[in-house]
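Architecture at a glance
What follows is the residue order along each chain.
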Amino acid sequence: MAQTTDVEMTEDGEKSAPCSPNGTGSLSTSKGQTAMNSSMIAKCIDRIKNLNETDVMLDNKTIGDKMTPGSVAASNLPNQFSDEEMDIDNDDFRSDGEIRFVATGVTKWKDQAHNLSEAVMVRNMPWRILLMARPGQGHGGQDPASGRTLGFFLQCNGENESNTWNIHASAELSIVNQASPEKTQPRRINHTFYAKENDWGYSNFLLWKELIDPVKGWVKDDTLIAEAKMHADAPHGVDWDSKRLTGFVGLKNQGATCYMNSLLQSLYFISRFRKAVYQMPTEGEDSTKNVPLALQRVFYELQLSTKSVATKKLTRSFGWDNLDSFMQHDVQELTRVLMDNIETKMKGSHVEGVIPELFEGKMLSYISCKNVDYSSSREEPFYDIQLSVKGKKNVYESFKEYVAIETMDGDNKYDAGAHGLQDADKGVIFTKFPPVLHLHLMRFYFDYQTEQNVKINDRYEFPQRLNLDPFLKEPGETPARYILHAVLVHTGDNHGGHYVVYINALGDNKWCKFDDEVVSRCYAKEAVAQNYGGVDEHDNSVRNCTNAYMLVYVRESHLDKVLCQVEESEIPKDLIDRLEEEKTIEQQRRKEREEAAHYINMNVVNEEAFYSNNSCDLVPMDSTRFVDFRIRKDAKYDEVIKILHDSYGYPENQMRLWPLIMRDNNTFRPTDLEWPSGKTLIEAADLEPNALTFRVFLELKPVLATELTKPLPSFNKNDQICLFFKYYDTQISKAIYVGHMYVNHKKMKVKDLFPEMCKMAQIAPCELIVYEEVRYYDLVLAKDHSNKLSEAFQDLMTGDILVFQKNDHNVKPLVTPGMELEVEHFPLARDYFLNLSFMVEITFLERLHNNNPQAAYAQLSPAAQQQQQQQMMWNQKNITLNINTKWTVAKTCQLLGQYLKQDPEHIQLLRPQGNTRSPGAPSLRSNDSENWIPIPSTFEGAIKDIIVPPGFATPPGLGPNAVQYRNRISGTMQGVQNQPIKRLCFEVLEMKVSEFENRKKITIVIFDYETRDEHEFTLYPLKGGKVVDILYEAAKKLNLDLKGPVAASSTGGGGATGGQSSPSGSQTSQQLMMKELVGRLRLVELNNFKCNSIMDPFLSIDHALQSVSQHGRQLRIDFRFPENQRSTAPTEMLVGVAHYSKEIFNCFGTPFYILCTSDESFKEIRDRICRFLDLSDREADKIKFTLVNQNQSTAVTPFNLEEKINIVAQKEGAQKWTPRSMNSTVFLGLEHSTKNVGKKSRFQPFEKSIQILN
C-alpha cells in the first residue's frame, strides 16, 4: 500500500515537510497511512461536536486564583469587571463623578434665571447642574403658567471662553423625591459637549405645577435636590497630560488616520515586536522612503516623548500623499500590508523570522472519505483569523463554525481518484496557535443585492481569557490559553467612522484608551463589554454603532517574552544618535519659522519690468516677477538700502524706494516714501505689524559714462511729483513705456513736457496728443496744452501715468505678414485702451489622450504620478493668445490655426464644464474629458458668450477686462466666482468639426493579450451604429488588414480617416467583414475588475453605453486573444479570470478570459493561467486559485491541484449567440496582494486599496 510523508507541525515550529510561506502549503493524499488519517479526523470531529462554550470563553466560568500584583506572567487573571480590576485615582482626572445640588427658594425662581451648583471636577473639567424655570407658551388660550416647566441641564466648562475643546459624556439626571425616594426616576443623556453646546439636558424635565405640589414630594421646605451621575471620556483640545496620567502618549491624527494610529499603538505594546523593529538595520537608507526607519522613529518617540507623536514621516515613507491621509482605510487591510512590508525588510538581518515567530499559526485543511480509506490534507500558515460575526453570539460560536465539518455528498461528492466519487467530510483544524493572535471580526460584508458594503452592529461577545485548546489537532507544549491584550473599536458605518484602541498594556488587566492624541485610563468594562455592540443598554430601539473590530490576544505562556519591558539601553545607540540629530535639525527649522514673524518679504521691481508692459498700469501685478528680499521689520532705511546695494551693486545715493500701493480705483502706482531717520520699515511704510509682504519700485540712476558718480536728482515731495510716461505708436498700435520724470506740476505747462517726451520716445520734435491714464480703461484727454499740468489733469500726483502720441492722422500702420488677425489698428490711444477692455489673455490647452500602456495612474506612486503628469504637460501644446472677446469662434480658430499651422476647420474648441469657475480653472490636466464641453460648429455667438458667465458686471460699452481691476487685491487676481475663464481647450481632429459632430466619440481601452498591455484610444463610430462599428474603428486604429472587398455603408459618411466604410452599413458589408472582424476583436464589459460579458456585435452602441453607464461598468476591446477562443465546442467555455485581495468582491488588476474544457484537472488550468501571466512555479505558489459561482454562493472554494473539475457544468442556461455573449456567473479568482499582479490595470476600484510603495 502506498504511503506518503505526514505533514506534521510541532509547537516550536519544526516541521517534517515544507510549507509554502504564503499559504498554499504542501498536500498529501493516500490510502491507509495519510497526512491525517481517518481515526485522527474522527477524534477531531467528535471533540468539535462536544465543545462547550465554557471550555473556550473562560470568563464565563469561575477562574482560579487571582493574579499576583506586579506579576505579568501570572497564569490566572481576576474575574471580568471585578472591583479590584484597576485603581483609578479619585482625583480631578477621574472618569466618573456625582453632583448633588440642594437648590433653595424654588417657588421664587424667575423664568430663565440660571441656578448653578458648585463645580465638580471630572476629567479635569468643571461640571455643574443647571436648573431653571422655563415659561409655558400659552397656546390655544391656555394660561402660560400652566405650561411652565423645570429645565434640568448638565453644564461642562461653562466659564471657559476657549472654543477648541470637546468632551463626550453620558449621565443620569434625577430630581430626588424627598417624600418617597423610591419614586426617583433618572433620565439619561449622551452628548459631546463643546463651546457652543456646553450644556445638555431636558427643557421640560418636570411640569412646574407638579414640581411644587407638596403632595408629590419633589419640593420640601421650598428646596429641591437634583443629582447627576456622569461618566466622561478624556477631553480633546485641552491641556491633557497623557504621559503624567497614564505613562503613555498618543499619536496625532493627520485627518483620517485614526485607524493607523490604533494599529500602531497595538503593535507598539507588543514589546518583542518593538525590540525587533529597533534592531532592524537602517544605516545609510533614505530617511524619507525607509519604512523601518520611520517606524523606529514612531516607536522611539512613543517610548520617550512626553507629548503626542506625529506620523507624517511614517506615511510619507509609505509613499502616501496628503490625500491618503484624509482617506480612511480598513485597519485589517493595513495590518496585513504593513506586516508583510516589515517582514520583507527583516529578511537577511538578525531579526529575520521574528514576525512569523510572534504572529504565525498553522491550520490543516482536510478531506476524508467516509466509505473508503482515502483522505487528503494540506497545512497552511496564517497571521490572523477572520471570524464571522453575522448570526453569531460570541467568539466560541465563530470558531466552532470555522472548524465545522462540511459533508460532500450528492452532486458535490469528492473525486477520490481510483475510488471514484465518494461521500466525504471536509474541514479545517488548527495545528498551532501563535504567541500573538489577531482575530479580525468580519463586521463588514458585501451585499450583492445592493452592491454595497454593509456593517453588522449586532452584539458579539468576546472574553478576557480565551481557551483554544479544543480547536487544536493535538495539544501543544503549553496550553493555548490567551489573555485579551487589545481591542480595536470602530464607531460608524460602512461609509466611514472613527477608530480607537483599548490596550491592556502589561497583561495585568489595567486598561488604557488610546484615542489619537489623548490617552486615558479606563475600566475593563469600558474596554470589553461596552464594545460588544448590539442595542443600547438603556434604549432597545437604538442600535449601537460602536463595537469591536479587531482583537489581539497574547498567549499566557508567552506573556513574559511578548510583553517584556524595553529599556532605553536596549535601543541601538546609532539609532538613538540618528533620531536625536533629526530632532536637533527640526528644532532649528522650527526656530527659524518662529523668527519669520519678525521679517517681511520686500518685493522689488525696477524700471526694466515697465518696458515690457504694453497694457494698462505700469506692470501686471499678477504676473510680474518681483525680486524678493527678506528684511527685518525693525530695519532702518540705511540698512535696507545697504541690502539692495549688496545685491544690485549701485551706490546707495543712486537708489530710491517708491512703495507700490493700491489706490481707491484699484490701480497699483508708486507713491513717495517719507522715511525719517530712526523709523523702522513698518513705521515708515505705514504697514500692519503682521504684514507679510511689502512691494516697492526701486528707482536706479541710468548708467551714463559721464555721470557714473553722480547721485539721483533730489526729490522734494512738497513741490514735485514723479510722473511715468507711455508712448502710443500708431504704426504698430502699441503703447510703450518710455520713462519717468520729476516735474513741478503746479508751474509746468503740458507743452513744456513735449521736448522731453519726444526725447524719451526717440521721435523728432512734433505736436503731441496727451492723455492721463486714470484707471484700467479710462484715458482723460488734455484739451489745452497751454494749461498747467495741475489744471489740465485733475488731482495729478506721484505715480500718475501720461500717455502721448503724435498728432498726425496720416500715419500708415505697419502690417506684419501672417499677423493680420492678431493685430488690430487704432488711430487713437483712447481707442487702443478701450479695446484692451475686450482683450483677454486666454491659454489654449491641447487636449491629449493618454496612450501610455501602463496608464494605471491612480496605482502609481506619487512620484511616478507627478513624473507622468509633467511628461503630459511637456508634450502638451499650451498656447497663450490675446483674444478679442467680440471675435467669433471661427475667427479665433483661424488665429489658433496660424500658430498651429493646422486647418482651422479641424480645430475644435472646448470650454470648462460650468461657467462659474474662477480664472485659471480648470487645471492643466486638459486630458480630463469630464471637465470640458465641446463648442458646436453651429455656435453663432462671440467668445465673450463663452468666457463671460451670466451676472458678470461690465460697464456699458466695455469689455470683461474693464472690471478685472476691481478684483485685484494685493497685486493678485483672486479666484472670485463668476469671473472670465482664462483657459479654453482645443483639439486638432482628424476630420472637420462639422463632420466630427455626426460621430460618437468613445474613449476606450484596448487590451493586447500577447503583450498584456493596455492602450487607450479615442474612436469615432457613426452615431446610431452598432458594436461592430466600434470594433471596426478600433481595427483602423490598430492598422489591421481586413481582407475582402467592402461595400459602401448604407449609413453613409465613410470612416473617420476616409478609409473603408462601416460594417454596420449594407448587408453585403456585414457578411464580408463580420467573421474576420469578430474573430480578431471583441468588446468586453468589465464589472468591478471582472469580465462580465462579451457584447453582441449587433447590439446598438447607444444601448451598450447606456447599460454600462447605468451600472458603473467599463468597456474594453480585446485584441490578439488566442485563436481557440474565437469559437467554442459544447464541452468548452470561456471563463473569466480576476485578481482579488482578501475578499472576492475586492478585485483589482486586469481581468482576462481563458478557455476551459469540461474534463481537465485544475493543475492544467492553473498552468495555463501561469503561462499567460508569466508566473514562475514559486510565484504561482503564492497565489490561491479559487472558483467562484456568484449565483450559488459568495464563498471561495480552494482546489486540490490534481482534482478534476467541470467548470462548463457550472454555467446556467443556453447561450443566445456564442459563448462570448453569455453574462458569466462563473469565474476563476486569483487571491494575492496587489503588488503581485504584474501589469497594472487602468481601472481602479471604488475605494483605493492600501499600498505601501517603498
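What counts, and where the lines are drawn
Residues numbered from 1 in each chain as written. Predicted model: local features only at pLDDT ≥ 70, side-chain atom pairs only at ≥ 80, totals over all residues. Heavy atoms only, no water. Helix = DSSP H or I, 4+ residues; strand = E, 2+ residues; numbered from the N terminus. Buried < 20%, exposed > 50% of the residue type's maximum accessible area, 1.4 Å probe, protein only. Areas by Shrake-Rupley, 256 points an atom, 1.4 Å probe, with all protein chains shown as cover. Phe/Tyr/Trp six-rings, centres within 6.5 Å; stacked < 30°, edge-to-face > 60°. Lys NZ or Arg CZ within 6 Å of the ring centre and 35° of its normal. Core = buried A, V, L, I, M, F, W, Y, C linked by side-chain atoms within 4.5 Å. Contact = heavy atoms within 4.5 Å. Salt bridge = Lys/Arg side-chain N within 4 Å of Asp/Glu carboxyl O. Axes fitted to C-alpha atoms, helices over the stretch in contact; angles between N-to-C directions. Parallel < 35°, antiparallel > 145°, perpendicular 65-115°, else oblique. Left-handed = near helix turned anticlockwise from the far one by under 90°. Nonpolar A, V, L, I, M, F, W, Y, C, P; charged D, E, K, R; others polar. Pairing = 2+ DSSP bridges. Polar contact = N/O pair within 3.5 Å; in protein donor to acceptor, adjacent residues only side chain to side chain. Arc of directions from axis to C-beta. Patch = residues over 30% accessible without salt bridge, like charges linked within 9 Å, V, L, I, M, F, W, Y side chains within 5 Å. Lys, Arg positive; Asp, Glu negative; His and termini not counted. Charge placed at Lys NZ, Arg CZ, Asp CG, Glu CD.

So, about the overall build of the protein chain. The number of helices and strands found in the protein chain is 30 helices and 57 strands. Of all 1254 residues assigned to the protein chain, the portion counted as buried reaches 51%. Counting only carbon and sulfur atoms, one obtains 47% of the accessible surface of the protein chain, whose full area is about 58300 Å².

Here we take up the packing of aromatic side chains. Scanning all chains against the criterion turns up 40 aromatic pairs. Both rings, one in Phe462 and one in Tyr532, keep their centres 5.2 Å apart while their planes meet at 90 degrees; by these two values the pair is edge-to-face. Of this pair, Phe462 sits in the loop between β20 (452-455) and β21 (465-467) while Tyr532 is found in the loop between α13 (524-527) and β26 (534-536), placing the two residues 70 residues apart along the sequence. Residue classification places Tyr532 among the buried positions, given a relative accessible area of 7%. With 5.2 Å between their ring centres and 40 degrees between their planes, Tyr728 and Tyr832 make a pair best called tilted. Placement of Tyr728 in strand β34 (residues 721-729) and of Tyr832 in helix α21 (residues 829-836) is noted, with a sequence separation of 104 residues between them. In this structure Tyr728 comes out as buried when scored by relative accessible area, which is 0%. Residue Tyr832 is classed as buried on the basis of its relative accessible area, which comes to 9%. Grouped by ring-pair contacts, the aromatic residues Phe248, Tyr268, Phe269, Phe273, Phe299, Phe359 and Phe514 constitute a single cluster. One Lys or Arg, Arg187, reaches over the ring of Phe205 and ends 5.3 Å from the middle of that ring. Its end group placed over the ring of Tyr599, Arg632 keeps NZ or CZ at 5.1 Å from the ring centre.

A separate point is the nonpolar core. Counting 64 residues, the largest nonpolar core has Leu267, Ile270, Phe273, Phe299, Leu338, Ile342 and Phe359 as its most contacted members. The element that contributes the greatest number of residues to this core is helix α7 (residues 291-304), accounting for eight residues. Ignoring any residue separated from it by four or fewer positions in sequence, one finds Phe273 in contact with Leu267, Leu295, Phe299, Met339, Ile342, Ile355, Leu358 and Phe359. Of all hydrophobic cores here, the second largest spans 37 residues; its members include Val389, Val428, Val489 and Ala548.

Under the defined criterion, the tally for this structure stands at 38 salt bridges. One salt bridge in this structure joins Glu582 and Lys313, with 4.0 Å as the shortest N-O distance. Of this pair, Glu582 sits in helix α15 (residues 573-595) while Lys313 sits in helix α8 (residues 312-317), placing them 269 residues apart in sequence. Classification of Glu582 by relative accessible area gives buried; the value is 16%. Note that Glu905 and Lys992 form a salt bridge whose closest N and O atoms lie 3.3 Å from each other. Of this pair, Glu905 sits in the loop between α23 (889-900) and β41 (907-912) while Lys992 sits in the loop between β45 (983-988) and α25 (993-996), placing them 87 residues apart in sequence.

Contact geometry of helix α6 (residues 271-278) with α7 gives a least axis separation of 9 Å together with a crossing angle of 125 degrees. In terms of axis orientation, α6 runs oblique to α7. Between α6 and α7 the crossing geometry is left-handed. Taken together, the residues of α7 that come into contact with α6 (itself represented by Phe273, Arg274, Val277 and Tyr278) are Pro292, Leu295, Gln296, Phe299, Tyr300 and Gln303. Split by residue class, the contact of α6 with α7 holds seven nonpolar, two polar and one charged.

Moving on, we get to the sheet that holds strand β46 (residues 1002-1008). Judged by pairing direction, the sheet is mixed, and its five strands sit side by side in the order β47-β46-β50-β48-β49 without closing on themselves. Edge strands, defined here as strands with exactly one partner in the open sheet, are β47 (1013-1019) and β49 (1090-1094). Geometrically, the sheet is characterised by an average inter-axis angle of 40 degrees between neighbouring strands, direction not taken into account. Note: strand β48 (residues 1081-1087) against strand β50 (residues 1114-1119), six bridges, orientation antiparallel. For Arg1082, the partnering residue across the bridge sits in β50 and is Asp1118. Contacts from helix α26 (residues 1027-1037) reach β46, β47, β48 and β50 within the one sheet, and its direction differs from that of β48 by about 115 degrees.

Now for the environment of Arg187. Here Arg187 lies in strand β8 (residues 187-194). Along the backbone, Arg187 and Ala171 are 16 residues apart, and their C-alpha atoms lie at a distance of 8.3 Å. Once residues within four sequence positions are removed from consideration, Arg187 is found in contact with Ala171, Glu172, Leu173, Tyr202, Asn204 and Phe205. There is a polar contact of 3.2 Å between the side chain of Arg187 and the backbone oxygen of Phe205.

Below, the discussion takes up the packing of α7 against helix α10 (residues 331-346). At a minimum axis separation of 10 Å, α7 and α10 run at an interaxial angle of 110 degrees. With respect to their mutual orientation, α7 and α10 come out roughly perpendicular. Our pair here, α7 against α10, has a crossing hand that is left-handed. Facing α7, whose interface residues are Val291, Pro292 and Leu295, α10 presents Leu338, Asn341, Ile342 and Lys345.

Moving on, we come to the side chain of Glu773. Following the sequence through the fold, Glu773 ends up in strand β36 (residues 768-773). On the accessibility criterion, Glu773 (0% relative accessible area) is buried.

Taken together, the buried positions of α21 are occupied by Ala829, Tyr832, Phe833, Asn835 and Leu836. Projection of α21 onto a plane perpendicular to its axis shows the buried side chains occupying an angular sector of 155 degrees, all on one side.

So, about a positive patch on the surface. A cluster of basic residues, Lys252, Lys307, Lys312, Arg316, Arg589, Arg590 and Arg593, forms a positive patch at the surface. Secondary structure elements with two or more residues in the positive patch: α8 and α15. For the positive patch, the element with the most residues is α15, which contributes three residues. With respect to the element layout, Arg316 can be found in helix α8.

So, on to the environment of Ala792. Of note, Ala792 is situated in helix α20 (residues 789-792). Overall, Ala792 belongs to the buried group, its relative accessible area being 18%. Sequence-wise, Ala792 and Val750 are 42 residues apart; in three dimensions their C-alpha atoms are separated by 7.5 Å. Setting aside residues no more than four positions away along its own chain, Ala792 makes contact with Val750, Ala782 and Asn787.

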